[in-house]
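# Per-entry structural report
One letter stands for each residue in the lines below.
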Amino acid sequence: MYDVVVIGCGPVGALTANLLGARGVRTLVVERGTEPHGQPRAFSCDDEALRIYQQAGLRAEVAEGMYPPSRAEYVNARGRVFAEIALDEVDFGLGAEPLHFFDQPALEAALRRGLDRFPHVTLRTGTELVGLRQQDDRVVATLRHDGRDTEVEARYVLGADGARSTTRTAAGIALTGSSAAEPWLAVSGDVEPGATRIATTRFVCDWRRPAFVSPGAGGTHRLEFMLRDGEDPKAMTDPATVRELVAPYVDPDRFTVTRAVVYTFHTLVADRWRAGRVFLLGDAAHQMPPFLGQGLCSGLRDAANLTWRIAQVLRGDADDALLDGYEAERRPHTEEMTRTSVRLGSVFLVRHRFAAALRDAVLRAVQAVPRVRRAVRHFEFKPRPVLPGHRAPVGTMFPQPDVAVGGTRVPLDDVLGAEFAVVGPGVDAATALGWRGPVARFVRVVPPGSAARGDITTVEDVDGALTAWFAEHGTDVVVLRPDRFVHATTVATRTTAGR
Ligand SMILES: Cc1cc2nc3c(=O)[nH]c(=O)nc-3n(C[C@H](O)[C@H](O)[C@H](O)COP(=O)(O)OP(=O)(O)OC[C@H]3O[C@@H](n4cnc5c(N)ncnc54)[C@H](O)[C@@H]3O)c2cc1C
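Quick caveat, the model's predicted, so the values are computed rather than measured.

Broken down by element type, the protein carries 14 helices and 26 strands. In terms of overall size, the protein behaves like a compact globule, its C-alpha atoms giving a radius of gyration of 24 Å where 499 residues would be expected to give roughly 23 Å. Contacts spanning at least 24 positions in sequence make up 68% of the contacts within the protein whose residues lie at least 6 apart. Summed over its atoms, the accessible surface of the protein is roughly 21,200 Å², and 52% of this surface lies on carbon and sulfur atoms.

Have a look at this one:
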């Protein structure tokens, strides 16, 4: 019997299996396709996503070829910039730039290679889930390979099988929400050096044809165009039409189209993300419009939130109730991201000349207010990673500055490991001896240049970011969950614990 069967080896399933593998969980991943999905769909990821890849030990691998854009511009029908996000001025303190563009096939290949590190993780391609049966202590999954059905048993089944999830249907979970009426043409391609006509990331808020255009990772370019009423999706992918649409942004003679597909975006969420021993993650649990680039990122957060819980329960360190925290924490954040994406879309997708003129005027006027301008420019409208039902700093994501260990500068999480961590200037060997919580690493934070003590891992707070955090929150010991949210803080004997 497996500990976990993951259904689907898209980006969310592959990451989930890596995070389980890193915690020693015996995992089977089943993927219907025989080859990785060769097509780029997701295009951008954020600092939280990179931190999650880091937890899986794959940050360097996935970051190769990614690039952080410096600006994202909103332009009107005449190409005039009316709002700008200055990404190079933004640092949310999580150890990476706030936005990166990537190539999805390269990302998925890196995630699959990551699975080879774990002898206890098996990937079966060309194999699909066709049915599920739940028992008190296990799930029996029926898998089909080459037309033959077999059964496997697992303690838990995690459905990361995308928008049309079989896991979701087999678990009897419905989807609620809507599909946008407007289909979009998404074009990806390789652009020769010097052939880019608009070199910045742009939301083209042209009421006649809203569009998103941006240079991507490794000499690629992404261009997305809303279809007008009555336009035939098939005709829109015709090479002559694509050529005409991309021409204002890239030289079509020096642009090789690798993909041109029409999509309809959805705003949908599963009614439940858990049914007994079956859980849903990624697009199987929720789908949102891409205007904030958060569809995949949300799925990665699901994986980071659920996998440590599963590992704890399997190890016998926690009881089943810990697993209910997954949906309780992830659903509100995902719904907030979805609402923000929809709101951004409604600014971006105005379809009438007068409404667009009014929007441009209103946005110009409100940005005359410095606070509003700053909120736009510094991306403050993006929902922050905060867990519901806690009082800050409990439930917030802990910062990830660089620290020095034995004279070498490294990102903090590299020192913290894959489990709980107890961190702070107040941590010493006695903290570890008195600890009654789950498996944890103990890390003492000291000012730069302080002598390390042999009895405990010591990090130098080279830029002062940790010292400032502890001072701001009036504490000197923090308990961090494996997904790097603050679980509890302590000052001497007083403890403020998360649920
Ligand atoms: C045009 C476009 C642009 C986007 N841009 C962004 C962006 O910039 N940033 C972002 O974060 N998100 C973006 N998204 C969203 C993002 O692409 C998805 O959220 C993400 O790909 C979902 O990943 P997933 O692993 O959950 O599902 P999928 O990628 O759909 O993977 C599911 C996997 O499960 C397999 N599978 C399905 N059924 C079964 C079965 N029964 N048995 C076994 N295997 C099965 C499938 O073969 C597939 O490999 C965009 C989406 C689109 C369409």
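Under the domain assignment used here, the protein contains domain 1 (2–65 + 102–174 + 271–345), domain 2 (179–266) and domain 3 (402–497). Averaged C-alpha coordinates put domain 1 and domain 2 at centres separated by 30 Å. With 13 residues of domain 1 in contact, the opposing surface of domain 2 contributes 15 residues. Taken together, both faces of the contact between domain 1 and domain 2 bury some 1,100 Å²; the carbon and sulfur share is 64%. Counting the surface domain 1 buries against domain 2, the share from its top three residues, Pro40, Phe43 and Phe291, is 46%. Joining domain 1 to domain 2, the criterion identifies zero salt bridges. Classifying every residue of the side of domain 1 that touches domain 2 gives eight nonpolar, three polar and two charged.

What follows deals with the site of the ligand. Taken together, 31 residues are adjacent to the ligand, and Glu31, Arg41, Thr166, Asp283 and Leu296 come closest. Backbone polar atom of Phe43 to an oxygen atom of the ligand: 3.0 Å apart, as the coordinates give it. Gly295 is positioned with one of its backbone polar atoms (N or O) 3.4 Å from an oxygen atom of the ligand. In isolation the ligand has 1,000 Å² of accessible area, and contact with the protein removes 89% of it. Of the residues contributing to the shell around the ligand, the split by class is 13 nonpolar, eleven polar and seven charged.

Across the interface, helix 1 (residues 11–22) lies against helix 8 (residues 295–315) with an axial gap of 9 Å and an inter-helix angle of 25°. In terms of orientation, helix 1 and helix 8 fall into the roughly parallel class. Judged by the sense of rotation from one axis to the other, the crossing of helix 1 with helix 8 is right-handed. Residue-level inspection shows Pro11, Val12, Leu15, Thr16, Leu19 and Leu20 of helix 1 in contact with helix 8, the latter providing Leu296, Gly299, Leu300, Ala303, Ala304, Thr307 and Ile310.

This next bit is on helix 14 (residues 465–473). Buried within helix 14 we find Leu466, Trp469 and Phe470. Looking straight down helix 14, one finds its buried side chains confined to an arc of 95°; they lie on one side. Projecting away from the buried face of helix 14 at angles above 90 degrees are the exposed residues Ala471 and Glu472. Its buried side turned inward, helix 14 meets strand 19 (402–405), helix 12 (412–416), strand 21 (420–424), strand 22 (440–446), strand 24 (477–480) and strand 25 (486–491).

Here we come to empty space enclosed by the protein. It is a probe the size of a water molecule, rolled over the atoms, that shows where empty space is left. A full pass over the atoms with the stated rule returns two cavities of 30 Å³ or more. Put simply, the largest cavity is a space of about 140 Å³. Surrounding the largest cavity, 14 residues form its lining, Arg301, Arg330, Leu387, Met397 and Phe485 being those nearest its centre. Secondary-structure elements contributing two or more residues to the lining of the largest cavity are helix 2 (47–55), helix 8 and helix 9 (321–348).

Moving on, we get to the pattern of salt bridges. One pass over the structure, following the stated rule, counts 40 salt bridges. In this structure, the salt-bridge partner of Arg138 is Glu153, at a minimum N-O distance of 2.8 Å. One end of the pair, Arg138, is in the loop between strand 8 (127–134) and strand 9 (139–145); the other, Glu153, is in strand 10 (residues 148–159), with 15 residues separating them in the sequence. Residue Arg274 pairs with Asp320 through a salt bridge whose shortest N-O separation is 2.8 Å.

Positionally, Gln367 belongs in the loop between helix 10 (353–366) and helix 11 (370–377). On the basis of relative accessible area, Gln367 is assigned to the buried category, the value being 10%. From its side chain, Gln367 meets the backbone oxygen of Phe82 in a polar contact 2.6 Å long.

If you walk through the whole model with that rule in mind, you get 20 aromatic pairs. Ring geometry for Phe203 and Phe212: centres 5.0 Å apart, planes at 50°, overall tilted. As far as the burial class goes, Phe203 and Phe212 line up, both buried. Ring pairing ties together the aromatic residues Phe43, Tyr67, Tyr74, Phe101, Phe203 and Phe212, which thus form one cluster. One Lys or Arg, Arg277, reaches over the ring of Tyr156 and ends 5.0 Å from the middle of that ring.

The rules we used
Residues numbered from 1 in each chain as written. Predicted model: local features only at pLDDT ≥ 70, side-chain atom pairs only at ≥ 80, totals over all residues. Heavy atoms only, no water. Helix = DSSP H or I, 4+ residues; strand = E, 2+ residues; numbered from the N terminus. Rg over C-alpha atoms; globule rule 2.2 N^0.38 Å. Contact = heavy atoms within 4.5 Å. Areas by Shrake-Rupley, 256 points an atom, 1.4 Å probe, with all protein chains shown as cover. Domains from an automatic or database assignment. Buried area = accessible area lost by both parts, 1.4 Å probe. Salt bridge = Lys/Arg side-chain N within 4 Å of Asp/Glu carboxyl O. Nonpolar A, V, L, I, M, F, W, Y, C, P; charged D, E, K, R; others polar. Near = heavy atom within 4 Å. Polar contact = N/O pair within 3.5 Å; in protein donor to acceptor, adjacent residues only side chain to side chain. Axes fitted to C-alpha atoms, helices over the stretch in contact; angles between N-to-C directions. Parallel < 35°, antiparallel > 145°, perpendicular 65-115°, else oblique. Left-handed = near helix turned anticlockwise from the far one by under 90°. Buried < 20%, exposed > 50% of the residue type's maximum accessible area, 1.4 Å probe, protein only. Arc of directions from axis to C-beta. 1 Å grid on protein atoms, 1.4 Å probe; cavity = no way out; pocket = protein on both sides within 12 Å on 5 of 7 lines; lining within 4 Å. Points joined across faces, edges and corners; volume = space filled by probe spheres on them. Phe/Tyr/Trp six-rings, centres within 6.5 Å; stacked < 30°, edge-to-face > 60°. Lys NZ or Arg CZ within 6 Å of the ring centre and 35° of its normal.

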